[in-house]
Structure formats: structure tokens, C-alpha cells
Amino acid sequence: MELNLSSEDAAFRDEVRAFIAENYPQEMRVPNPETDLTKEQSLLWHRILHKKGWIAPLWPKEYGGPGWSVTQRFIFEQETSRAGTLPPLAFSVTMVGPVIYTFGNEAQKRKFLPRILSGEDWWCQGYSEPGSGSDLASVRTKAVRDGDHYIVNGHKTWTTLAQHADWIFCLVRTDPSAKPQAGISFLLIDMKSPGVTVRPIITIDGSHEVNDVFLENVRVPTENLIGEENRGWTYAKFLLGNERTSMAGIGRSTRYLQRLKRIVRTEISEDDPAFGEFVKDIARVELDVLALEATELRIVAQMSRGIDPGPAASLFKIRGTEIFQRITELTHQAIGNHGLAIREHPAGANRFMPGPDYGHTATEKYLNARKLSIYGGSNEIQRNIIAKAVLGL
Amino acid sequence: MDIQFTEEQEMLRSSIQRFLREQYDFDERRKIISTDEGWSRRHWKSFAELGLCAAPFQENSGGLGGGLLATMIVMQEFGRNLVVEPYFETVVLAGGLIEDVASPEQREAFLPKIMEGEAIWALAWAEGRSRYDFDNVTTTARRHGDNFVLSGTKAAVVGAPWADKLIVSARTSGGRRDRDGVSLFIVDRHSANLHLQSFKTLDGRRAAELALMNVEVPAGQLLGREGEGVAVLEACRARAIAALCAEAVGAMSVLNSATLEYSKMRKQFGVALGTFQVLQHRMVDMFIALEEATSLTQHLNLSLAAREPNGSKLASGAKSKVGCAARFVAEQAVQLHGGMGMSDELNVGHYFKRISSINIQFGDPTYHLMRYAQQS
């Protein structure tokens, strides 16, 4: 499905398509880009997009954005995800960047924004704590003022790709006596500061994506505070809103669905009764994708007329993740007995994996996708948001 | 229909439980699966000493006469503790096949060693393109003097890297997908011209693909009658499903109690997770799934033990229904544990993975749903 594109937009789409085809690094086409690339490899495309001026579609032109319309941004998102390119690091470009240019001061903008655009700084997100998952406002990491520094103590967890990070943006408690949401501040912390320790967490798919980050008497200059002290919750919510709208993942789901169809046609003969079941299951998911895509296009059309979808964006997170989980589950089923095998991490060469190449990451993808309905605000929380903020219940 | 277990059966259960509680906790299992070999001969010896390896076999074969219900009891406890040692492969699959169709000489040669814990076996029926059908066999076995010569590849042979003996299905006549003409052979794992490519399975076991490049097997190693292997494997599958369902039920019961406990302890928004109605209902559905799975597993085991005529159909029904119930429980247990459910450190994800692989072994829930429907 496509928007009814004007000739300019159609030309833009063709330009994006051609640019990806000519410039996406072959080196990044590995079985599972999310786990198999080194830090340097995963930055190759980032740097190419930066050079082209396309790294931050969301950003206003004055801060280095390309100055695209809502429709152009949507086209770019659609084309890059359909082509299976690795998206630029969301924590840097989609999350902390907009917080800095929206709520940061001039010095912070000058210092951080160019380094985000160039890929020089890798950011990670210090939100979740062992005791604060869905209930984010209960963060306990403390920041105590000491002259022109904060002394930070706490434990952040599920911190994605912290092992590569140069900086972490953290929610910290600066007023322990205030109501939970009221005493939180938004602090930028250099990962090289003394007292910062990163400990890997291995997940059930065997990969190392997430980490514990321990902060012990970390001295953070007060100039790294975003906006006002104790107003961090406002900035955090702004950021989470950006996170959710990008979670529909239509391009990715469409791509994996096409792949699933090819696998089913190769693996299962048409006279196998299971074939008909797969056909029906795939059709159901395809309709789910179609409905979500149509919803996304409707929202994009509204946004270009200046209407903010607000909390309804939670529906993209719910349906987008459920759809992708279902696709990974069906793909794992489609490869039959080969689905017993799992790749070992770190993914090294010359380890034997049975079955055709297209099945080699099916098991780990199925396992890894279980996180989708948990992170970024669990799907139960997203449903609460819609119940409360949209339906008024 | 609730099974009233006999005193002997209760003793069997409590002796396994005691042993596993004392010797096979989650940390011990983690150590075992991270060794080079990936399983523990020491624990295997203990299982044999407890009588587990002899439990299901008939008394006239030297077994303890426990039959399918003994297997069910063992597998349920193994499911609760995620035991990786090849009990299913050696005792349930190979032992069951030998007891079912082996010649007196073969029984005498092989069963005692299995019962004493002296031999490990694996069953090689699947091939790269076979999916879950026993007749979809391209590996061939041709007569050559007093031997058969086997050629072809077998896929997803769980436990093969650990095995001393393999049971391999191969075609002695007919074409791919012919029901007649598949035969079973007992093959030494270390035979000349037999090559293994090993890999790790998602549930922490080891498996292999076999390449048989003219492997010579004495004619006396033919297991059961020539050409009738498909029916023999189907009977074996019914027993296999009964055991896998019991293992799934064991795993589900641990997931349910772990989730319930976590939901009472974990606080968010100032209250325990378990106070949220949406999560209460989820856990009620997990409870119902476990009750149904338990009932169906007992029903299947009793029916097979009584040699009811619809055993094969019922087995497929149970594999589908219990498989879906187990998947639901596993996915929700991870979901309700949040990030912790995703971490390798917690046991929950490992139960999830065992259930995922049970849902592949001997056919996934959809395959068996269709098989069940076709027999209705």
C-alpha cells in the first residue's frame, strides 16, 4: 500500500530507493544485523546517511534535519525499512537528540547535537531499574547536588547496547520528598566517568544486547542537566512518545512476511495438510499488517494536517509488536525440525548450523522477539494508556 | 478419571523428586550444559541406580514393569527440573522400540545395557526435507551379502553426539513417501563412514546431522520386519508424545508457580503485580491451560497403557492441545516476568525454550491438529 503520492513525493521515493540500492554497505548484510555487527560496522550506514544529510529526518532543519514534510519522512521510513537497512541508533537520533534540541540549552545543543548526527557519540538509555520497569516514575537512582556537580548513585538495567555507549541519558531522583513524578531530573552522563560500570546481561536467545549499568558516586557536572531540575518526567514522557510512534514496524513486518512466504513454499509441499494452515495463518497476519499500515497512513495524513495522534500512538506499539512476534513464531514453525538448532553467540564463522541459510536465525529471532511486548512500556501498560487517555476509563 | 497412583508409583515419584532436589538444581543443570560434553554421565548413573532406566520395561525383559505410567511420572519430574540427559531418547524411544519389535537376541544384547545405564541411544528418523512424516525417507539401505549398506543423511538427531547406538530409518524398497519399504536399523555410532555434524539445540542439548556414506550394517541389526518401519515408528511416536506431554506438564507447572509467586512479590505502582485484574485473568488462563494439559496427558497415557484402538489419534490430539497450552503458558510466563523473563540468568526462559523444542519434536501442534482432524 502507498500514499497517493504527488509527483514530487514519487520522485523523492525513487531517489531514496536508488540511494539505498547504491550505498547500503554490503558488509552490513549479515544474518542478524542486530546482533552480528561490531560497533564500527553498525555505524557505517549512519555515517553515509549523515554525509547525505538524511540521518535525522525528525529534526528541524536548523539542528541538522533535512527539512522534510511529514509525508517525506514517512516515505523515507518506509523505504529504509522495506530495504532492510539497519536504522540509525534510536537512542541517539530518535530519543535524546529531540530532547536536547527541545529542552536543552544552547551550550548543550552545540556540544551534543553535531556529535549525535556524525555518529561520534553513541547514546544509551538509563530509564529502567531493577525496581522500576513499567512503573518508570519509581526510579531510585539518586543525584545529590554538590557545588557544580551532582553525585549520582544507582543501578540502571536492560540498558540496550550500553557496552558501546559514550553517553547515557538518565532519569535520576533529585527530590526524594516530592511525589514520584515531581522529583525526577533528566541527566546526561559520560560513560567514561569514574564510578560507571557496565555488566552484560545475556538474554534467552544467547545474545548480548542489554546490560546492567552501575553508578557509584559518579560526579556529573550540573551543566549536563537537561532543562530544569525536577522537571525530568515531562522530558521523559516526550521521549517515550517519540519511541512509540516508530514501533509499528510495517516495513520490517512486510519484509519478514515475504520471507516467510518463500520459506513456506520451499519447505512444505502443497499436498501437506499443514500447507493450507500456513497459508491461512499468513493471510491473517498479512491482513493485520494491512490494517495497521492503513491506520498508519491515516495518522500520517492527520499529522500532515497538524493533528497530533497523542496517546493513540500506543496502538502502533501494541499491534506492531504482536504482529512481528507472530511472524517470528510462524517462521520458526515453518522450518520444522531445523528449528531445534540455535546459533551460538558471538556469531563466529565455521560453526555448523543445519538446514537452509534462511532458517539459521529463525530460532533466535523467535526468542528475541518476546522482548517486544515487554520493553518500551509493556503492552499491558500501553492498553492502560489507551483505556485511560483515549477512552477516558 | 483422575489417576490414583499406586504406592509404588508414588515412591517412584518421590525418589526422583528427592534426587533432583538434592542433586539437579538449576545451577547444577547450568554447569552440566556448559561442559564440553553437555550432559552428565554421573547423573545418568544415578538415574540408573534409582531404577529409572528400568522402570517402564516389562518384568520378563528384566524391567520393573512400570509401563507408560512410570515413564509419565519420570518425564513429568524431568520436565520440572529441565533434565537434559537423554532419557527420552534412550529409554522411551530406543528402549520402547526394542521392547516392541526387536528379536529375542537383540533384546538380550541391548536392553540390559539400557536398563543398567550403560548405553546411550538416539533415534534418527527425520531428514532435511522430511518435516514430520516417517514415510518421507530418501536414505537407502541395500542388501550386500550379509550386510545392509546405508546411504543418505538424517537430520535433527537429538542426543546423537552422546549416543553409543543409533536407530536409523532407511528405505529398503519403494520411493520417497511410500508407506511400505522403510526399515529400521541398529547402527553403531562409531561405524566407519558415518559422519556427525553436531550442533546445540535451543533447549541446551546437543544434536547432530548424520551423513551415512555406505555404512555397512550386519543384517542381524535390522530392527523389526523389513519394510514395515513406518507403522513401528508411528507406535513409537504415540509413546513419545505421551512422554513429551508429561514433560511439558512438568515444565508448565513450574512456570505457573514461578509466575504466581513473582506476581505476589513484584511491586509496581505501589502494589503487587498480582492485584491487577488483567494479570489475574491471564494467570487464571495459565492455570486452566495446565489443568487441561494435565488431564489430557493422563488420559492419553491411560489409553495407550490400555491399548485402546484410538491411541494414535488421541496422541496427535494431545500433542496439539498440550503444545498450544504449553506455548501459551511459556509465553505468558516470560511476559509477566518482564525483562527478567528475557534473561538467561533466570530459569523461566529455559523452561520457555524446552517447551519450544517439545513443540517441534515429533511434530508441531498444527501438524498434529491436521493429523487428528484427518482421523475424525
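Residues numbered from 1 in each chain as written. Chains lettered and ligands numbered in written order. Predicted model: local features only at pLDDT ≥ 70, side-chain atom pairs only at ≥ 80, totals over all residues.

Caption draft 1: Main features of the overall build of chain B. The helix and strand tally for chain B stands at twelve helices and ten strands. Relative to its length of 376 residues, chain B is compact, with a C-alpha radius of gyration of 21 Å against a globular reference of 21 Å. Taken along its principal axes, the extent of the C-alpha atoms in chain B is 80 × 45 × 40 Å. A sequence separation of at least 24 residues applies to 74% of the contacts in chain B between residues at least 6 apart. (Helix = DSSP H or I, 4+ residues; strand = E, 2+ residues; numbered from the N terminus. Rg over C-alpha atoms; globule rule 2.2 N^0.38 Å. Contact = placed C-beta atoms within 7 Å.)

Caption draft 2: Layout of the overall build of chain A. A tally of helices and strands in chain A yields twelve helices and eight strands. Here chain A has a C-alpha radius of gyration of 22 Å; the compact-globule value for 393 residues is 21 Å, and the two agree. In terms of overall dimensions, chain A has C-alpha extents of about 75 × 50 × 50 Å along its principal axes. Across chain A, every contact between residues at least 6 apart in sequence was considered, and the portion connecting residues at least 24 apart equals 72%.

Caption draft 3: Spatial organisation of the domain arrangement of chain B. All names here are of chain B. For chain B, the domain assignment lists domain 1 (7–118), domain 2 (122–228) and domain 3 (230–374). Here the C-alpha centroids of domain 2 and domain 3 sit 30 Å apart. Across the boundary between the two partners, domain 2 contributes 14 residues, which contact 13 residues of domain 3. Looking at the side of domain 2 that touches domain 3 residue by residue, the classes come out as six nonpolar, four polar and four charged. (Domains from an automatic or database assignment. Nonpolar A, V, L, I, M, F, W, Y, C, P; charged D, E, K, R; others polar.)

Caption draft 4: A look at the confidence of the model for chain B. Residues at a pLDDT of 70 or more form 99% of chain B, whose mean pLDDT is 97. Across the interfaces of the predicted complex, the ipTM metric reaches 0.96, alongside a pTM of 0.96. (pLDDT = per-residue confidence, 0-100.)

Caption draft 5: Structural view of the domain arrangement of chain A. What the domain assignment reports for chain A is domain 1 (7–88), domain 2 (123–230) and domain 3 (247–390). Between the C-alpha centres of domain 1 of chain A and domain 2 of chain A there is a distance of 30 Å.

Caption draft 6: How the structure looks around the environment of Gly-38 of chain B. By the element assignment, Gly-38 of chain B lies in the loop between helix H2 (26–33) and helix H3 (41–49). Beyond its immediate sequence surroundings of up to four residues, Gly-38 of chain B is in contact with Ile-33, Arg-205 and Arg-206 of chain B.

Caption draft 7: Region of interest: the interface of chain A and chain B. Listed per partner, the contact involves 36 residues of chain A and 36 residues of chain B. Where the side of chain A that touches chain B is concerned, the elements lending two or more residues are helix H9 (273–304) and helix H11 (362–368) of chain A. A per-element tally of the side of chain A that touches chain B places H9 of chain A first, with three residues. Split into classes, the residues belonging to the side of chain A that touches chain B amount to 15 nonpolar, 14 polar and seven charged.

Caption draft 8: Summary view of unusual backbone geometry. Of note, the phi angle at Asn-217 of chain A is positive, near 45°, even though the residue is not glycine. By the secondary structure assignment, Asn-217 of chain A is in strand E7 (residues 210–221). Phi is positive for Asn-193 of chain B, close to 70°, though the residue is something other than glycine. Residue position: Asn-193 of chain B is located in the loop between strand E5 (182–188) and strand E6 (194–200). Judged by the 13 C-beta atoms lying within 10 Å of it, Asn-193 of chain B falls in the partly exposed class. (Buried ≥ 20, exposed ≤ 12 C-beta atoms within 10 Å, placed from the backbone.)

Caption draft 9: Region of the structure containing helix H9 (residues 311–337) of chain B. Residues and elements named next belong to chain B. With 27 residues, H9 ought to run about 39 Å at 1.5 Å a step, and its terminal C-alpha atoms sit 38 Å apart, in line with that. In terms of burial, H9 is a largely internal element, 23 of the 27 residues being buried. One or two residues past the end of H9 sits Gly-338, with phi positive at roughly 60°. (Expected span 1.5 Å × (residues − 1).)

Caption draft 10: Highlighting the pairing of strand E1 (residues 121–124) of chain B. All names here are of chain B. Going residue by residue along E1, you find Trp-121 and Leu-123 tucked away on one face and Ala-122 and Ala-124 tucked away on the opposite face as well. Where E1 lies against strand E4 (residues 165–171), four bridges are found, and the strand directions are parallel. The partner of Ala-124 across the bridge, within E4, is Val-168. (Pairing = 2+ DSSP bridges.)

Caption draft 11: Focus on H9 of chain A. Taking 1.5 Å per residue as the helical rise, H9 of chain A with its 32 residues ought to reach 46 Å, and the 47 Å between its terminal C-alpha atoms agrees with that figure. Those residues of H9 of chain A lying buried are Ala-274, Phe-278, Val-285, Val-289, Leu-292, Glu-296 and Ile-299 of chain A. Contacts made by the buried residues of H9 of chain A are with helix H8 (250–267) and helix H10 (314–334) of chain A together with helix H12 (365–374) of chain B. In the segment just after H9 of chain A, Gly-306 of chain A is the residue with positive phi, at about 90°.

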